[in-house]
Amino acid sequence: LKCKARTKPNVIFIVMENLGTQMVSEETTPFLIHLQKHGINFQSHLSGGGSLEDNLFRLIYGIPASYRPEANASALVSELEKNGYATSVFSSRRIPGLPYQQTAWEQWMENYKQRDPSVPNFVFFDLGPGMADQLDQNLRETFERLHSANLLAGSSIVITGTQSSEWDSVPMTLIVPEREKGEWQHRTTHYDVAPTILRKILNCKTSPSAYSYGKDLAEAPSKDWEIFGNENSFRIADFTNRLIIESDWHGRIQSGNEGRTELVLRASREISRFYRR
């Protein structure tokens, strides 16, 4: 990926299950609103729908969940490891592409104090399901823990959500060491997160198209559709007509607009481009 990181800030991912943008408000999620004002906020971000594992796979790998049965390490995780990052996962379940760990924070802190402080950290927090106000409280407590461990200053932080719907947007805030602020209205997806971290944080020069379906989060989309689904369901979100086209793996439309056969064929070729020949 031709990565030459100038610095190696801590990279922190925080994911809140089933938290849609419509649930975010000053009354219900005040801490998340506070963080959005202090970072780069993407207003039209899609996690891609389907199962939680589908959502998380897109976030970590930057490619469709249809590749999940054959996937090895993601480009993001591989490059972080090459750069000497120590990975820690706080989740009660397996996160695609990450080691399965059920470490209590207190135990982790004891081990962390014994580590070389020059080693950069990649930390993944799965805050699990819950009502919006509870997730916001979990988010606040997570930041308090990060602050107590001196992991906040100069870190790159991804705060996002998941959704079972292809249409409903989820929160997506990026906090970077330069502490840039702003709001973007164009459509972004979970596919865009890994390429953005690789380019913005690890200074990777290879085009994202070589390893991902995504782009830099700051770039506007170049097409009016996206492929979501997984290995069992080939689903195209047609944003022009606002409908889902579901197809089998031979390009036959099973539901949706049968008039967009050309789109289905194009999407079929696109979704297969990383398979080995």
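What you see is a predicted model, and the numbers here were worked out from it, not measured in a lab. (Residues numbered from 1 in each chain as written. Predicted model: local features only at pLDDT ≥ 70, side-chain atom pairs only at ≥ 80, totals over all residues. Heavy atoms only, no water.)

Visitor: Describe helix H4 (residues 105–113), and please don't skip the residues or the numbers.
Guide: For H4, the complete set of buried residues consists of Trp105, Trp108, Met109 and Tyr112. Down the axis of H4, the buried side of the element spans an arc of 100°, and every buried residue falls inside it. The elements touched by buried residues of H4 are strand S3 (86–90), strand S4 (121–126) and helix H5 (132–148). (Buried < 20%, exposed > 50% of the residue type's maximum accessible area, 1.4 Å probe, protein only. Helix = DSSP H or I, 4+ residues; strand = E, 2+ residues; numbered from the N terminus. Arc of directions from axis to C-beta. Contact = heavy atoms within 4.5 Å.)

Visitor: Mind laying out the nonpolar core, listing which residues take part and the relevant values?
Guide: Phe13, Phe124 and Leu174 are the most contacted members of the largest nonpolar core, which has 52 residues in total. Ranked by residues supplied to this core, first place goes to helix H2 (residues 52–61) with six residues. The residues contacting leucine 174, other than those within four sequence positions of it, are Gly39, Ile40, Phe42, Ile157, Val158, Thr196, Ile197, Lys200 and Leu217. Listed in part, the 28 residues of the second largest apolar core include Leu35, Met109, Val123 and Leu152. (Core = buried A, V, L, I, M, F, W, Y, C linked by side-chain atoms within 4.5 Å.)

Visitor: Any details on H2? Residues and values, ideally.
Guide: With nine of its 10 residues buried, H2 lies for the most part within the structure. When H2 is considered as a whole, its buried residues turn out to be Leu52, Asp54, Asn55, Leu56, Phe57, Arg58, Leu59, Ile60 and Tyr61. Along its buried surface, H2 packs onto strand S1 (11–16), helix H3 (75–82), S4, strand S5 (156–161) and helix H6 (193–200). Positioned one or two residues after H2, glycine 62 has a phi angle of 75°, which is positive.

Visitor: Please provide a residue-by-residue account of the pairing of S3, values included.
Guide: Where S3 and S4 come together, five bridges link them in parallel fashion. Bridging across to S4, threonine 87 finds its partner in phenylalanine 122. Handedness of the crossover joining S3 and S4 through H4 is recorded here as right-handed. (Pairing = 2+ DSSP bridges. Right-handed = clockwise from strand over helix to strand, strands pointing away.)

Visitor: Give a detailed account of the sheet that holds strand S2 (residues 40–46), specifying residues and quantitative values.
Guide: With mixed pairing, the seven strands of this open sheet are ordered in space as S3-S4-S1-S5-S6-S2-S7. One side of each edge strand has no neighbouring strand; the edge strands of this open sheet are S3 and strand S7 (182–189). Across the sheet, the axes of successive neighbouring strands diverge by a mean angle of 15°, strand direction being ignored. Sheet contacts for H5: S1, S4 and S5; angle to S1, the most-contacted strand, approximately 160°. (Axes fitted to C-alpha atoms, helices over the stretch in contact; angles between N-to-C directions.)

Visitor: Hey, could you go over the packing of H3 against H6 for me, with residue numbers and the actual values?
Guide: Running from amino to carboxyl end, H3 crosses H6 at an angle of 25°, the nearest separation of the two axes being 9 Å. As the angle between them shows, H3 and H6 are arranged roughly parallel. Every pair of crossing elements has a handedness; the one defined by H3 and H6 is left-handed. Where H3 abuts H6, its residues Ala75, Leu76 and Glu79 lie against Ala194, Ile197 and Leu198. The class makeup of the residues in the contact of H3 with H6 is five nonpolar, no polar and one charged. (Parallel < 35°, antiparallel > 145°, perpendicular 65-115°, else oblique. Left-handed = near helix turned anticlockwise from the far one by under 90°. Nonpolar A, V, L, I, M, F, W, Y, C, P; charged D, E, K, R; others polar.)

Visitor: Before we move on, can you summarise the pattern of salt bridges with the specific residues and values?
Guide: Oppositely charged side chains can form a pair if their charged atoms are brought close together. Applying the stated rule across the entire model yields 16 salt bridges. Here aspartate 192 makes a salt bridge to lysine 215, at a shortest N to O gap of 3.1 Å. Here aspartate 192 is found in the loop between S7 and H6, whereas its partner lysine 215 is found in the loop between H6 and strand S8 (225–227), with 23 residues between them in sequence. Each member of the pair, aspartate 192 together with lysine 215, is buried. The network of salt bridges with shared partners includes Glu53, Asp54, Arg68 and Glu231. (Salt bridge = Lys/Arg side-chain N within 4 Å of Asp/Glu carboxyl O.)

Visitor: Run through the environment of threonine 189, naming residues and quoting values.
Guide: Within the element layout of this structure, threonine 189 appears in strand S7. Residue class for threonine 189 comes out buried when judged on its relative accessible area of 2%. Remark: the alpha-carbon pair of threonine 189 and isoleucine 253, spanning 64 residues in sequence, is separated by 24 Å. For threonine 189, the residues in contact, after removing those within four places along its chain, are His45, Leu46, Leu217, Glu226 and Phe228. Side-chain polar atoms of threonine 189 contact the backbone nitrogen of tyrosine 191, separated by 3.1 Å. (Polar contact = N/O pair within 3.5 Å; in protein donor to acceptor, adjacent residues only side chain to side chain.)

Visitor: How would you sum up the packing of H4 against H5? Please name residues and give values.
Guide: Here H4 crosses H5 at 20°, and the two axes come no closer than 12 Å. For the element pair H4 / H5, the angle class is roughly parallel. Of the two possible hands of crossing, H4 and H5 adopt the one that is right-handed. Two secondary-structure elements touch here, H4 through Trp105, Glu106 and Met109 and H5 through Arg145, Leu146 and Ser148.

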